[in-house]
Amino acid sequence: MRQQKLAWIIAGLLISAGAHGQSTTGNIYGQVPAEKDLSVVVRSDTGLTREIAIDGNGHYNATQLPVGNYTVSLMRSGKVLETHDNVALRVGVGVNVSFTQPVAAKELSGVNVSANGVPPIDVSSVDSRTVITAKQLAALPLPRTAEAAALLAPGAVIDSGGFVSTTGVPLVSFGGSSVEENAYYINGFNTTDPYLGQGGITLPYGSIDQEEVYTGGYSAQYGRSDGGVLNMIGKSGTNEWHFGGQLLYEPEGLRSDQRNTYYNNGLPPSPVAGNLFDPNSKNTRWTSVYDAYVGGPIIKDKLFFFVSAEMSDEGQHSVNNVTAGTAENSMTHLPKWYAKVNWNITDTNLLELTGASSKEEQYGSLYNYDYNNLKESSFRGFANNTKSGGDMLSAKFTSYITDDLTFTALYGKMKSFNYSIPVDYNPDATYIGGATFQNPAYNGGVPNNGSQTISSISNPYYHTRNLRVSLSYVLGRHTITAGIDNLVSGAFEQGNDSSGPGYTWNYGYTPNPTVPLIPALGVGALANYPNGASGYYVSKNMFIGGANLLTKQRAEYIEDQWQVSDRWLVSLGLRNDGFQDLNAAGKAYMAQTKPQWAPRLGFSWDVNGDGSFKVYGNVGRYYLGAPLAPGGPANGYISTQQYYTYGGIAADGTPTGLTQVSPPVSADNAFGQTPDPRTITVQKLKAENQDEFILGFTKTLGPSWIYGAKFTRRILRHDIDDYCDIQTVINKAASLGITDVNNASCYYINPGQANTFAVEDPNGVFHNVTLTNAEMGFPSMVRKYYGLETFLEHPFDGHWYGKIDYLFSRSYGNNEGMGQTNIQALAETQNTYWDFPQLMQYGIGPQGEDHTHQIKMYGYYQITPEWQVSANLALVSGGPKYCLGLYGPNQTDPVGYGSLYQWCGGMPSPPGAAGRLPWAKQLDVGVRYRPVFAANKLAFSLDVINLFNGQAPLNEYPEYNTGTVPAAPNPQYGTPMVLQQPRYVRFGITYDY
């Protein structure tokens, strides 16, 4: 507590200029001679014109300008004294355009037109972001995704859990946070996946005008992110017509083989092909991309449009691991489109309309696979037809009511979906899991996977509405902005049921059949039942769950950007976030509706007064509401396992000769009961929130270089996770004289602190029962991140651009937030964190997204007007290895979670105790050719992604045991489950008019 108070005292000294993250605008500011009758006029390439007043100190600031190219002129009595052309305005960034020559000289010499020689350092904001322009995106050899561009930012790494977006794109972790804590925006509208937080709708790659990658430090106007922000600004039409297209091709024959993976810890009872686990080398892929666009004026200086479309086709042959027994031939279509209309109603009233769509559609065929001869055998069935992604529409209105008063309003809607419908689906066939653990006496030593190809069926869709309204007023040296930021999301038809007859079979084996299999759940010793002495068993697994869900997130904010002096800029911001989550009956099961104040404070100091040296810092609190997925238990669900011994295996892979060992059991007490919302969430549950502290500097080095350093500290103060040790709650209630009859499966709690539970007595009366953290048996909740970044940058000078960035960082604790990379779990409910105290013992250490060293170098060189070369190098040290086993020195399973305790072979095994993964090293190179004979409008490109074919494991299977008692080795332990993608080559032809 003393440390937290001290941090806020320090924060009070770091009063800062909050940056406008997730915005669609920037500002132009500067100094002019302090004389009368002067004004500054800014005019965009779309004809937007604003005349800006100058204060008594010769300072002006044109705020909330749409991004684009501007001409800035110093005026007196309608006469242009000096002009700066081609002022490129980047999103969220201020550009210093000053006029320092005496006015008398200007009047004598007439109009003085100069190039855009503005200072390269923005001293008008706290710069905790990376802005990548369309020119850089076109020049650099990157995979064509917004996420790949975001990896250029310091502290951004490919997620080690292997999570992908709703359209199949690998996700990015920022500053040690889980990928579900990121936010996505298109032209100011929130497009984040509302269900799991798995990415969001993105633009066609060629339609991105600028991508702002935020790693912290944004103003009170924005929130709902503890990780990073991907803010995409799409291209707009101008007074000039532009059209063009692009064709890209990644041939199958120039794609390197992914390396195979092998069992690392012995073999299963029925090995398929020796120690081979996943024959990745037999996977193949080709990709083609078609892109076209057109933009220009409908009415010059008034009405403009830009439209683009992109289609990516991928043909794949993929062989699943030996436990699945299948290979798949599939086609994937990734259609995207984007449309933007800009209407300058008047010089003071602007309207922007945006539409965008990003989807993935896939279909294919499954074949049985011969892993010994590495070839397909017989046709097995059709794969699911899947469709995911969605569409969004938004409108933004801006009114410069007076020179000092600006009103903005944005409203938009998004519909997304996750369609997965089987082709030729057989509802009578049962899905078979764990076939490599079948008794070889009954399958002839060949695992029998049956004919069912899918384990669950669902077809949900989601709606999102986003409303933002703000009013900004300039009062002397103060720019005061106040507004609201509301987001409403719903999940519909959110069913997710076991396929076939409503259950699946999963085979298992224990070498100690005389010992109870899962004592915590009452599953006894197999030897006490017919055919059990062999140690082979099977479980009938049933999952039925899901219904409509709704979340309402609202915020109010006020912020003062205060130009204290010519060199000091101060920002004082305050935001209030509120969250409410409702079940299918419209009842709130989780609510934080009382004020949750999030102060944002910082400073920007122009040390030399000429934009050559900036010192900045800020501190802020950020709240994050829960996505929709954790609301599933609020509607009730079934998740049970029933154990049997068996005396044979039928031709369809199902067990025969069954003897029941247990009734249906559930470690989380999930038997389908619909709980009272009061028994889902503890009283006064606090929303997830994080404090962040940043201090840094940026400085010019001669006329051609910029360098700087930044220190970032993040501390997660509160988190939300599910807690399933219901017996402890019942026991505490009984000690207070309350006979607890509530039927909760798990509660949502704030882990690492005291929580108050609602329990119901036999008369239906609810009582509050408080358990201290010690009574719950937990350690304190910890997630702490710090990073020290240094960089050296050479801005583009007409010949070359380059940047090198080094980050030393650490992410430490016992809680990754909404995700858990080591077991590839998403959205809190899948995590094992905090379910039971035994799972948290020895749980503190480096987190899954902890990478001590990150070195990034990228740039491009214009050899001649026709030829350009580029490169992108990333060197990232490996994350921690995990060894999760049975509990304690005696290797027991006290809560029925199997091999998921922080113990390994009877020894404590905190994160990283098993060592570190190797460095991930990747070099991408490219070359561009724009021949003079085509007026540089035609271009040819060649990119090689991952030139040296680095294939380091990003994650390995952590479970040391099979999950049975006594301990048995898990053959998959230590086997890589996420690898770097292999080398591939991309050819391209582009035409831009």
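Residues numbered from 1 in each chain as written. Predicted model: local features only at pLDDT ≥ 70, side-chain atom pairs only at ≥ 80, totals over all residues. Heavy atoms only, no water.

(A) Spatial organisation of the overall build of the protein chain. Secondary structure assignment for the protein chain yields 8 helices and 59 strands. Its C-alpha atoms give the protein chain a radius of gyration of 30 Å, near enough to 30 Å, the size a compact globule of 993 residues would have. Projected onto the principal axes, the alpha-carbon positions of the protein chain cover approximately 105 × 70 × 45 Å. The buried share among the 993 residues of the protein chain stands at 59%. For the protein chain, restricting intrachain contacts to residue pairs at least 6 apart in sequence, the fraction spanning at least 24 positions comes to 72%. Each charge class in the protein chain can be summarised by its mean position, and for the 64 positive and 82 negative side chains these summaries are 4 Å apart. (Helix = DSSP H or I, 4+ residues; strand = E, 2+ residues; numbered from the N terminus. Rg over C-alpha atoms; globule rule 2.2 N^0.38 Å. Buried < 20%, exposed > 50% of the residue type's maximum accessible area, 1.4 Å probe, protein only. Contact = heavy atoms within 4.5 Å. Lys, Arg positive; Asp, Glu negative; His and termini not counted. Charge placed at Lys NZ, Arg CZ, Asp CG, Glu CD.)

(B) Structural context of the state of the cysteines. The full count for this structure, using the stated rule, is 2 disulfides. With its sulfur 2.0 Å from that of its partner, C724 forms a disulfide with C746. Here the disulfide of C724 and C746 is right-handed, its torsion about the S-S bond being about 105°. Of this pair, C724 sits in the loop between β44 (721-723) and α6 (726-735) while C746 sits in the loop between α6 and β45 (747-749), and the two are 22 residues apart along the sequence. Each member of the pair, C724 as well as C746, is classed as buried. Residue C883 pairs covalently with C904 via a disulfide, S to S 1.9 Å. (Disulfide = S-S within 2.5 Å.)

(C) Broad picture of unusual backbone geometry. Look at the link from V965 to P966: it is a cis peptide, with omega at -5°. With respect to the helices and strands, P966 occurs in the loop between β57 (953-956) and β58 (976-979). The phi torsion at N86 lies on the positive side, around 55°, for a residue other than glycine. Mapped onto the secondary structure, N86 falls in strand β6 (residues 79-89).

(D) Up close: the sheet that holds strand β1 (residues 25-31). The sheet built from 3 strands is open, its strands ordered β4-β1-β7 with mixed pairing. Every other strand in the sheet has two partners, leaving β4 (59-66) and β7 (94-96) as the edge strands with one partner each. Averaged over all neighbouring strand pairs, the angle between strand axes comes to 20°, with direction disregarded. In this structure, β1 lies alongside β7, joined through 3 bridges in parallel fashion. The residue of β7 that forms the bridge with N27 is G94. (Pairing = 2+ DSSP bridges. Axes fitted to C-alpha atoms, helices over the stretch in contact; angles between N-to-C directions.)

(E) Quick look at α6. Those residues of α6 lying buried are I726, V729, K732 and A733. Along the axis of α6, the buried residues cluster in a sector spanning 125°; they form a single face. The inward-facing, buried residues of α6 contact β44, β45, β46 (755-760), β47 (766-771) and α7 (773-776). Directly after α6, the chain includes G737, whose backbone phi takes a positive value near 85°. (Arc of directions from axis to C-beta.)

(F) Representation of the nonpolar core in the model. Counting residues in hydrophobic clusters, the biggest one holds 71 residues, and the most contacted among them are Y723, I749 and F757. For Y723, the contacting residues outside a window of four places in its chain are T728, V729, C746, Y747, I749, F757, L771, M776, F778, W834 and D835. (Core = buried A, V, L, I, M, F, W, Y, C linked by side-chain atoms within 4.5 Å.)

(G) Main features of the environment of Y929. The topology assignment puts Y929 in strand β55 (residues 920-929). With sequence-adjacent residues up to four places away left out, Y929 is seen in contact with E866, W867, L938, A939 and F940.

(H) The sheet that holds strand β12 (residues 183-186), seen in detail. As summarised here, the arrangement of the 5 strands in space is β9-β14-β15-β12-β13, forming an open sheet in which the pairing is mixed. The open sheet is flanked by β9 (129-133) and β13 (189-190), the only strands paired with a single partner. Here β9 runs beside strand β14 (residues 208-214); their pairing, made up of 5 bridges, is antiparallel. Residue pairing across strands places T133 opposite Q210, the latter belonging to β14.

(I) Structural view of a nonpolar patch on the surface. Nonpolar side chains collect at one region of the surface, where W241, F243, V294, V307, Y991 and Y993 lie side by side and expose about 540 Å² of accessible area between them. Along the chain, Y993 falls in the segment after β59 (984-992). Assessed through its relative accessible area of 42%, Y993 is described here as partly exposed. (Patch = residues over 30% accessible without salt bridge, like charges linked within 9 Å, V, L, I, M, F, W, Y side chains within 5 Å. Areas by Shrake-Rupley, 256 points an atom, 1.4 Å probe, with all protein chains shown as cover. Salt bridge = Lys/Arg side-chain N within 4 Å of Asp/Glu carboxyl O.)

(J) Quick peek at the pairing of β6. Where strand β5 (residues 68-76) meets β6, 8 bridges bridge the pair, whose relative direction is antiparallel. Each bridged residue has a counterpart across the sheet, and for G68 the counterpart in β6 is L89.

(K) Here's a closer look at the side chain of T83. Within the secondary structure, T83 is located in strand β6. A distance of 3.2 Å separates polar atoms of two side chains, one belonging to T83 and the other to S73. (Polar contact = N/O pair within 3.5 Å; in protein donor to acceptor, adjacent residues only side chain to side chain.)

(L) Molecular detail of the packing of aromatic side chains. Taken as a whole and judged by the stated rule, the model has 39 aromatic pairs. Clustering of aromatic rings is evident, with ring pairs tying together Y723, Y747, F757, F778 and W834. Taking the ring centre of Y400 as reference, the NZ or CZ of R50 above it sits at 3.9 Å. The ring of Y503 is capped by K540, whose NZ or CZ atom sits 4.5 Å from the centre of that ring. (Phe/Tyr/Trp six-rings, centres within 6.5 Å; stacked < 30°, edge-to-face > 60°. Lys NZ or Arg CZ within 6 Å of the ring centre and 35° of its normal.)

(M) Layout of the pairing of strand β38 (residues 637-645). In this sheet, β38 lies alongside strand β32 (residues 536-545) in antiparallel orientation, the contact comprising 8 bridges. Paired with I544 across the bridge in β38 is I638. Bridge count between β38 and strand β41 (residues 659-660): 2 bridges; the pairing is antiparallel. The partner of T645 across the bridge, within β41, is T659.

(N) Representation of the environment of V925 in the model. Within the secondary structure, V925 is located in strand β55. Spatially, the C-alpha atom of V925 lies 6.5 Å from that of N872, the residues being 53 residues apart in sequence. For V925, the residues in contact, after removing those within four places along its chain, are P141, S870, A871, L942, D943, V944 and L947.

(O) View of the pattern of salt bridges. Summed over all chains, the structure comprises 23 salt bridges. Taking the shortest distance from any N to any O, the salt bridge between R468 and D485 comes out at 2.9 Å. Of this pair, R468 sits in strand β28 (residues 461-475) while D485 sits in strand β29 (residues 478-492); the two residues are 17 residues apart in sequence, bridging distant segments of the chain. Just as R468 is buried, D485 falls in that class too. When the shortest N-O distance is used, the salt bridge between R986 and D943 registers 2.8 Å. Pair noted here: R986 is in strand β59 and D943 is in strand β56 (residues 938-945), with a separation of 43 residues, a long-range link. Among the residues examined, D943 registers a relative accessible area of 2% and is labelled buried. Residues joined by salt bridges that share partners form a network here, namely R224, R468, D485, R575 and D577.

(P) Representation of the confidence of the model for the protein chain. Taken over all residues, the pLDDT of the protein chain has a mean of 90, while the share at 70 or more is 95%. Counted against residues more than four places away or in other chains, residues 1-21, with its pLDDT under 50, gives 71 contacts. (pLDDT = per-residue confidence, 0-100.)

(Q) Highlighting the environment of G296. Relative to the assigned elements, G296 resides in strand β19 (residues 284-299). By relative accessible area, G296 is classed as buried at 0%. Excluding residues within four positions of it along the chain, G296 makes contact with G237, T238, E240, W241, L303, F304 and F305.

(R) Structural context of the side chain of Q563. With respect to the secondary-structure elements, Q563 resides in strand β33 (residues 549-563). Here the side chain of Q563 touches W568 through a polar contact of 3.3 Å, landing on its backbone oxygen.

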